[in-house]
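The lines below spell out each chain.
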Amino acid sequence: MNDLSTDPICALATASGMGAIAVIRVSGKGSKALVSKAFSKDLTALPSHTVHLGWMLAANGDRLDEVLATLFDHGKSFTGEESVELACHGSTFIQQLLLQRLAELGCRLAEPGEFTKRAFLNGRLDLSQAEAVADLIAAQSKQAHQVALQQLRGRFSSELQQLREQLIQFAALIELELDFGEEDVEFADRTALKLLVAEVLKMVRRLAASFELGNAIKNGVPVAIVGAPNTGKSTLLNQLLGEDRAIVSDIAGTTRDVIEEVLNIEGIQFRLIDTAGIRETTETIEALGIERSQQKIEQAKIVLCLTDASDSANFTETTAWVTSLKTLHPDKYILLVQNKADLKAASINEVSTAFDLQMSALTGNGVAELKAKLVALVLGDYNVQDETIVSNARHYAALLQTAAALERAQEGLYGHTTADFIAMDIREAMRQLGHITGQID
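These figures come from a predicted structure and were not determined experimentally.

Undergrad: What should I look at first to understand the packing of aromatic side chains in this one?
TA: Centre-to-centre distance and the angle between the planes together describe a pair of aromatic rings. Summed over the entire model, instances satisfying the criterion amount to 1 aromatic pair. Note on Phe211 and Tyr396: the rings are 4.4 Å apart at their centroids and 10° apart in plane angle, and the pair reads as stacked. Taken together, the residues Phe211 in helix H8 (residues 211-219) and Tyr396 in helix H13 (residues 393-414) connect sequence positions 185 residues apart. On the accessibility criterion, Phe211 (15% relative accessible area) is buried. For the cation-ring pair, Arg63 lies above Trp55, with the distance from its terminal atom to the ring centre recorded as 4.5 Å. For the cation-ring pair, Lys194 lies above Tyr414, with the distance from its terminal atom to the ring centre recorded as 4.4 Å.

Undergrad: Honestly, the packing of helix H9 (residues 233-241) against helix H12 (residues 367-379) in this entry has me stumped. Any pointers?
TA: Helix-helix packing is characterised by the crossing angle of the two axes and by the distance between the axes. Contact geometry for H9 and H12: axes closest at 11 Å, N-to-C directions at 80°. With respect to each other, H9 and H12 are oriented roughly perpendicular. For the pair formed by H9 and H12, the contact residues are Leu236, Gln239 and Leu240 on the first element and Val367, Leu370 and Lys371 on the second. Here the residues of the contact of H9 with H12 sort into 4 nonpolar, 1 polar and 1 charged.

Undergrad: Just checking my understanding: could you explain the packing of helix H4 (residues 127-138) against helix H5 (residues 142-152) for this structure?
TA: Viewed as axis vectors pointing N to C, H4 and H5 meet at an angle of 155°, and their least axial separation amounts to 8 Å. Comparing the axis directions of H4 and H5 gives the class roughly antiparallel. H5 is crossed by H4, and the crossing has left-handed handedness. Residues Ser128, Gln129, Glu131, Ala132, Val133, Asp135 and Leu136 of H4 form the contact with H5, whose own contacting residues are His145, Ala148, Leu149, Gln151 and Leu152. Of the residues contributing to the contact of H4 with H5, the split by class is 6 nonpolar, 4 polar and 2 charged.

Undergrad: What is the right way to look at the pattern of salt bridges in this model?
TA: Between side chains of opposite charge, a pair can form as their charged atoms come close. Enumeration according to the criterion identifies 17 salt bridges in this entry. Between Glu81 and Arg118 there is a salt bridge, with its nearest N and O atoms 3.1 Å apart. One end of the pair, Glu81, is in the loop between strand E4 (63-72) and strand E5 (83-89); the other, Arg118, is in helix H3 (residues 114-121), and 37 residues separate them in sequence. No difference in accessibility class separates Glu81 from Arg118, as the two residues are buried. Note that Arg206 and Glu387 form a salt bridge whose closest N and O atoms lie 3.0 Å from each other. Placement of Arg206 in helix H7 (residues 190-209) and of Glu387 in the loop between H12 and H13 is noted, with a sequence separation of 181 residues between them. Through salt bridges with shared partners, one network takes in Asp7, Glu81, Arg108, Glu114 and Arg118.

Undergrad: What should I look at first to understand the environment of Ile334 in this one?
TA: In this fold, Ile334 is placed in strand E11 (residues 333-339). With relative accessibility at 7%, the residue Ile334 sits in the buried group. Spatially, the C-alpha atoms of Ile334 and Thr323 are 9.2 Å apart, while their sequence positions differ by 11 residues. Every residue in contact with Ile334, bar those within four places of it in the chain, is listed here: Val303, Cys305, Val322, Leu325, Lys326, His329 and Asp356.

Undergrad: What should I look at first to understand helix H11 (residues 312-328) in this one?
TA: For an α-helix the count is 3.6 residues per turn, leaving residues at separations of three or four pointing the same way. Taking 1.5 Å per residue, 17 residues should reach 24 Å; H11 reaches 25 Å between its end C-alpha atoms and fits that length. What H11 keeps buried is the set Asn314, Phe315, Thr318, Val322 and Leu325. In an axial view of H11, the angular spread of the buried residues amounts to 95°, which keeps them on one side of the axis. Those residues of H11 that are exposed and angled more than 90 degrees off the buried face are Thr316, Glu317, Thr327 and Leu328.

Undergrad: It is not clear to me how the sheet that holds strand E8 (residues 259-265) should be interpreted in this structure. Could you clarify?
TA: Whenever strands of a sheet pair, they do so through backbone hydrogen bonds, lying parallel or antiparallel. With mixed pairing, 6 strands are arranged side by side in an open sheet as E8-E9-E7-E10-E11-E12. A strand with exactly one partner marks an edge of an open sheet, and here the two such strands are E8 and strand E12 (357-358). The pairing of E11 with E12 spans 2 bridges and is parallel. In the sheet register, Val337 faces E12, and the bridge partner there is Leu357. Contacts between H12 and the sheet are confined to strand E7 (221-227), E8, strand E9 (268-274), strand E10 (302-308), E11 and E12, with E9 contributing the most and set at about 115° to the helix.

Undergrad: Before we go on, may I ask you to explain the nonpolar core in this structure?
TA: Nonpolar side chains in soluble globular proteins tend to end up buried together. Counting 36 residues, the largest nonpolar core has Leu236, Phe270, Ile302 and Leu304 as its most contacted members. If sequence neighbours within four positions are ignored, Leu236 has contacts with Ile225, Leu304, Leu306, Met359, Ala361 and Leu370.

Undergrad: Even after reading the chapter, I still don't get the side chain of Ser77, so can you show me in this structure?
TA: By the element assignment, Ser77 lies in the loop between E4 and E5. Looking at Ser77, its side chain comes within polar contact range of the main-chain nitrogen of Gly80, at 3.1 Å. Engagement of the side chain of Ser77 in a polar contact is seen with the side chain of Ser83, the distance being 3.3 Å. The residues contacting Ser77, other than those within four sequence positions of it, are Phe72, Ser83 and Arg124.

Undergrad: Where do I start with the confidence of the model for the protein chain in this structure?
TA: If pLDDT is low for a region, its predicted coordinates should not be looked at in detail. The pLDDT averaged across the protein chain works out to 83; a share of 85% of its residues lies at or above 70. Across residues 247-257, where pLDDT falls below 50, the model places 28 contacts with residues more than four positions away in sequence or in other chains. In this model residues 279-287 is a low-confidence stretch, pLDDT under 50, and it forms 13 contacts with partners more than four residues away in sequence or in other chains.

Thresholds applied
- Residues numbered from 1 in each chain as written.
- Predicted model: local features only at pLDDT ≥ 70, side-chain atom pairs only at ≥ 80, totals over all residues.
- Heavy atoms only, no water.
- Phe/Tyr/Trp six-rings, centres within 6.5 Å; stacked < 30°, edge-to-face > 60°.
- Helix = DSSP H or I, 4+ residues; strand = E, 2+ residues; numbered from the N terminus.
- Buried < 20%, exposed > 50% of the residue type's maximum accessible area, 1.4 Å probe, protein only.
- Lys NZ or Arg CZ within 6 Å of the ring centre and 35° of its normal.
- Axes fitted to C-alpha atoms, helices over the stretch in contact; angles between N-to-C directions.
- Parallel < 35°, antiparallel > 145°, perpendicular 65-115°, else oblique.
- Contact = heavy atoms within 4.5 Å.
- Nonpolar A, V, L, I, M, F, W, Y, C, P; charged D, E, K, R; others polar.
- Left-handed = near helix turned anticlockwise from the far one by under 90°.
- Salt bridge = Lys/Arg side-chain N within 4 Å of Asp/Glu carboxyl O.
- Expected span 1.5 Å × (residues − 1).
- Arc of directions from axis to C-beta.
- Pairing = 2+ DSSP bridges.
- Core = buried A, V, L, I, M, F, W, Y, C linked by side-chain atoms within 4.5 Å.
- Polar contact = N/O pair within 3.5 Å; in protein donor to acceptor, adjacent residues only side chain to side chain.
- pLDDT = per-residue confidence, 0-100.

Structure representation (structure tokens):
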């Protein structure tokens with residue numbers, strides 16, 4: 001590593017803006033000596049992981065602010081470098097004053113993400129852990145926090161390392177055969193190799209498949225509430241949120257535009273979208289609202305199609321519509337929800353099993369079951385507490401490439417492919433796994 005990458009840098013380690021406290025991080029070779037030039041005591045001989053109260057001073061000796069200086073020796077900080085963290089008062093003026101003073105002493109302002117970059121370059125984090133820092137900062141729910149924290153702790157990296165080690169053993173045996181190609185010797189048990197590739201491929205596919213869940217947890221799950229006018233869509237939105245967010249009226253076509261709100265259920269964020277009732281209309285504003293409703297159906301991951309339990313004709317129409325939606329959107333979860341179950345018509349009692357859920361948005365009966373259903377659809381058979389969940393698109397793409405290489409190797413083992421081509425595919429799988437952690441760049 002050259003000198004440029006170890007020169008002292010500084011920046012706010014807390015969010016920009018005014019608050020009670022702000023933290024300025026100084027990292028790089030000679031950080032303690034540099035800060036000591038503007039601090040009321042010499043920090044150079046003081047031990048790591050100690051905190052010292054003192055004054056930051058201007059060039060003429062004037063006091064700028066009373067701060068707490070936390071010291072970290074080389075190899076013992078977030079970046080892996082010698083570091084000093086200054087906890088000052090949170091005035092934006094004071095923050096800029098101290099950063100300006102550090103710059104006067106030769107400390108360079110850090111580029112965006114440079115502290116984490118240095119942590120990666122110094123081996124404190126691998127690439128997937130470094131990326132998890134941003135995910136952890138951006139986490140908006142318990143599950144998003146859990147997924148990012150597991151990755152930051154190295155759980156994902158550990159699993160990938162185990163997979164790579166298995167593939168390295170496999171590649172070593174195959175490539176050993178190449179050295180003795182003229183003797184026509186097989187050092188590798190083909191049956192064992194087939195089992196090994198099948199097992200690794202299964203694990204890689206499982207990780208890749210978890211991206212759908214990880215992406216949903218990270219960015220929220222869009223849920224469109226759709227149906228004909230007066231089926232209780234706005235009432236359901238209000239019931240789920242626990243507040244009167246949408247106007248409710250017996251007059252058909254009350255909702256003219258899309259209303260979106262966020263609901264947290266068991267640590268997962270759902271973006272609820274109340275849409276205009278879908279029907280034939282000549283009214284211009286309502287028609288625009290219906291057009292937007294159709295767009296939200298396209299964007300949603302889960303679609304709740306409400307039907308009026310007291311209206312047999314509405315049930316028939318909605319059931320046919322849901323069948324059509326499922327054909328058009330096989331990638332979406334589309335639920336037929338029988339609302340107004342307290343007013344259910346006797347004529348459709350016998351077909352109530354056609355519904356995914358029965359409820360009354362007005363009384364709240366069945367709302368708990370609906371929430372549980374939404375969570376179950378998102379989680380599938382994954383356990384966020386016990387399994388690694390992939391939430392990064394770059395990781396997902398690399399896992400798909402890994403799976404493709406392993407599939408080629410598997411086909412080669414069952415076919416008549418020569419060992420050199422099988423070894424090439426295994427090396428490609430290892431390379432893709434290495435891209436994720438930064439072992440190969």
